[in-house]
Amino acid sequence: PVQISIQNVGKIYGDPNAESAVVALDGVTLGVRRGEFISLLGPSGCGKSTLLGIVAGFQPASSGQVLQDGRPITRPGPTRTVVFQDYALFGWMTIQANIEFGLKAKGLSKRERGEVARSLIDTVRLTGFEDKYPHEVSGGMKQRAAIARALAPDPDILLMDEPFGALDAQTRVLLQEEIARISSEAGKTVLFVTHGIEEAVFLADRVVVMSPRPGRVREEVAVPLPRP
Ligand code: ADP
Ligand code: ADP
């Protein structure tokens, strides 16, 4: 069954009648099945972040629509969480507090929040670092914390925008293996934006290749190899 249905989505930045208008997306149609891991691959500027932002509910499409389980996505919500390249952790909160923040909407007691956060810290292998502040840990560890925070509301859909783009090559490979493990264990639907073809193919069940100017789906490639 299709969980996310992206239907003929277009996006124009600026006044559509003005010379300066940017057509970022031009008729993108894509169905994402529950539990599927999709890599959205394409060069910088082809509209990947724009599409991810529309699916997240951060910004509206200019035309077309996106449905989640049959209902239009109109605003951000806890069933879809986002991991950004720059981590976007709260610098004044410890790792643990950052992750607990992701649990705010769940109506748990403080003790329950602590328990769930500790289990997520374990999942992303940050045990021992819960009381550190983001500036006290490495980039890889910051991104592990951001992934745990995104998993905290137990979303149906994890949206990742070049999440490993700021990491060194060695850390990137480690985190790629981790996200493959975590997403399949947790059974999440993942939309993963990248301009790295190796990363796209390594992670995905299906690679959606976009072409720029204006952004369109060029082809969809099923990845035949089993995931690690
Ligand atoms: P990608 O994620 O593939 O690099 P983006 O979705 O960021 O692509 O950008 C697609 C196009 O839209 C680019 O030409 C970019 O310059 C333009 N764009 C993105 N965001 C804005 C914005 N807020 N205002 C105007 N143009 C934008
Ligand atoms: P990763 O985040 O994938 O584990 P990193 O390159 O970020 O890889 O870090 C490598 C290792 O160095 C970490 O697993 C951790 O054990 C150690 N480390 C990194 N930053 C710190 C820190 N601020 N304090 C203590 N140990 C650290």
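Quick caveat: nothing in here was measured; it's all calculated off a predicted structure.

S.K.: Where do I start with the overall build of the protein in this structure?
M.R.: Scanning the protein for helices and strands turns up 6 helices and 10 strands. Against the compact-globule benchmark of 17 Å for 228 residues, the protein has a radius of gyration of 18 Å, which places it among compact chains. Principal axes of the C-alpha set define a box for the protein whose edges measure 50 × 35 × 35 Å. Counting across all 228 residues of the protein, residues that qualify as buried make up 49%. Of the contacts made within the protein by residues no fewer than 6 positions apart, 69% connect residues no fewer than 24 positions apart. For the protein, the exposed area adds up to about 11,100 Å²; of that, 53% sits on carbon and sulfur atoms.

S.K.: Teacher, can you tell me more about the side chain of Ser-211 here?
M.R.: You can see Ser-211 is positioned in strand E9 (residues 206-211). Those residues in contact with Ser-211 that sit more than four places away from it in its chain are Cys-46, Arg-216 and Arg-218.

S.K.: Before we go on, may I ask you to explain the site of ligand 1 in this structure?
M.R.: Residues in contact with ligand 1, as listed here, are Tyr-13, Val-22, Ala-24, Pro-43, Ser-44, Gly-45, Cys-46, Gly-47, Lys-48, Ser-49 and Thr-50. Contact between ligand 1 and Cys-46: an oxygen atom at 3.1 Å from a main-chain N or O atom of the residue. Gly-47 is positioned with one of its backbone polar atoms (N or O) 3.0 Å from an oxygen atom of ligand 1. Protein burial of ligand 1: of its 560 Å² of free accessible surface, 59% is covered by the chains. Secondary-structure elements contributing two or more residues to the shell around ligand 1 are strand E2 (22-33) and helix H1 (48-56). If you tally residues by element for the shell around ligand 1, the top one is H1, at 3 residues.

S.K.: In this structure, what is going on with the site of ligand 2? I would like to understand it.
M.R.: Near ligand 2 you find Phe-129, Glu-136, Val-137, Ser-138, Gly-140, Met-141, Arg-144, Thr-171, Leu-174 and Leu-175, and these make up its full shell. Between ligand 2 and Glu-136, the relevant distance is 2.4 Å, taken from a nitrogen atom to a main-chain nitrogen or oxygen of the residue. Compared with its free state, where it exposes 530 Å², ligand 2 has 53% of that area covered by protein. Counting only elements with at least two residues in the shell around ligand 2, the list comes to helix H4 (139-151) and helix H5 (169-186). Here the shell around ligand 2 is built from residues that sort into 5 nonpolar, 3 polar and 2 charged.

S.K.: Is there a simple way to think about the nonpolar core in this case?
M.R.: Across soluble globular proteins, you tend to see nonpolar side chains buried next to one another. Membership of the largest hydrophobic core comes to 38 residues, with the highest contact counts inside it found for Ile-147, Leu-158 and Met-160. Here this core takes 7 residues from H4, the largest share from any one element. Filtering out sequence-adjacent residues up to four positions away, Ile-147 remains in contact with Val-83, Val-124, Met-160, Phe-164, Leu-175 and Ile-179. Val-9, Leu-40, Cys-46 and Ile-73 belong to the second largest nonpolar core, which has 24 residues in total.

S.K.: Sorry if this is basic, but what is going on with the pairing of strand E1 (residues 2-13) here?
M.R.: The side chains of a regular strand alternate between the sheet's two faces. Relative to E2, E1 is paired through 8 bridges, and the arrangement is antiparallel. Residue pairing across strands places Ile-12 opposite Val-23, the latter belonging to E2. Two elements, E1 and strand E4 (residues 63-68), share 5 bridges in a ladder whose sense is antiparallel. Considered in E4, the bridge of Ser-5 is made with Leu-67.

Conventions we followed
- Residues numbered from 1 in each chain as written.
- Chains lettered and ligands numbered in written order.
- Predicted model: local features only at pLDDT ≥ 70, side-chain atom pairs only at ≥ 80, totals over all residues.
- Heavy atoms only, no water.
- Helix = DSSP H or I, 4+ residues; strand = E, 2+ residues; numbered from the N terminus.
- Rg over C-alpha atoms; globule rule 2.2 N^0.38 Å.
- Buried < 20%, exposed > 50% of the residue type's maximum accessible area, 1.4 Å probe, protein only.
- Contact = heavy atoms within 4.5 Å.
- Areas by Shrake-Rupley, 256 points an atom, 1.4 Å probe, with all protein chains shown as cover.
- Near = heavy atom within 4 Å.
- Polar contact = N/O pair within 3.5 Å; in protein donor to acceptor, adjacent residues only side chain to side chain.
- Nonpolar A, V, L, I, M, F, W, Y, C, P; charged D, E, K, R; others polar.
- Core = buried A, V, L, I, M, F, W, Y, C linked by side-chain atoms within 4.5 Å.
- Pairing = 2+ DSSP bridges.

Any functional reading would require information beyond the geometric quantities listed.
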